[in-house]
Amino acid sequence: MSAKEIEPQLSEERRRHARRRVLKGALVAFDAPNSVFECQIRNLSDEGAKLTLGSTLGVPDHFDLLIPSQQRIAPARMFGVPNTSWARQ
C-alpha cells in the first residue's frame, strides 16, 4: 500500500460527533463546588471536550464542567491516559 493510499485512512474522522476547535475558559468543579480548577476547552463536541489544565493531580474521575460563556454546567468524567486533558460529558 502506498503512502497516498494510507493518508486518507489516517485523516478520516472516527468519532460519532465531530469536534469543533474552540478556545474557551471553563472551570472543573467537584465536592459540591468547594474545589474548582481553571481550565481551557480546546475542542468540543456534543459528546465530549478536550480540556487543558495546569495539572490533573487531585481532579476526580467525575466532576462538573462549568462553561461561563455558555452559562452551562455539564456533568463530566475524565478518561484516557492519566495526566492528560480529555473529558467526556
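Residues numbered from 1 in each chain as written. Predicted model: local features only at pLDDT ≥ 70, side-chain atom pairs only at ≥ 80, totals over all residues. Heavy atoms only, no water.

Peer 1: Can you break down the nonpolar core residue by residue, with the values?
Peer 2: V28, C39, I41, L51, L53, F63 and L65 are the most contacted members of the largest nonpolar core, which has 15 residues in total. Not counting residues within four places of it along the chain, the set of residues in contact with L65 comprises A26, L27, V28, C39, I41, L51, R72, I73, A74 and A76. (Core = buried A, V, L, I, M, F, W, Y, C linked by side-chain atoms within 4.5 Å. Buried < 20%, exposed > 50% of the residue type's maximum accessible area, 1.4 Å probe, protein only. Contact = heavy atoms within 4.5 Å.)

Peer 1: Could you give me a rundown of the side chain of N43, with the residues and numbers involved?
Peer 2: As for its position among the elements, N43 is in strand β2 (residues 35–44). Taking the relative accessible area as the measure of exposure, N43 reaches 15% and is therefore buried. A polar contact is formed between the side chain of N43 and the side chain of R19, at a distance of 3.2 Å. (Helix = DSSP H or I, 4+ residues; strand = E, 2+ residues; numbered from the N terminus. Polar contact = N/O pair within 3.5 Å; in protein donor to acceptor, adjacent residues only side chain to side chain.)

Peer 1: Mind laying out the pairing of strand β1 (residues 20–30), listing which residues take part and the relevant values?
Peer 2: Bridge count for β1 against β2 is nine bridges, and the pairing is antiparallel. Residue pairing across strands places G25 opposite Q40, the latter belonging to β2. Where β1 lies against strand β4 (residues 62–67), three bridges are found, and the strand directions are antiparallel. Bridged to L27 within β4 is L66. (Pairing = 2+ DSSP bridges.)

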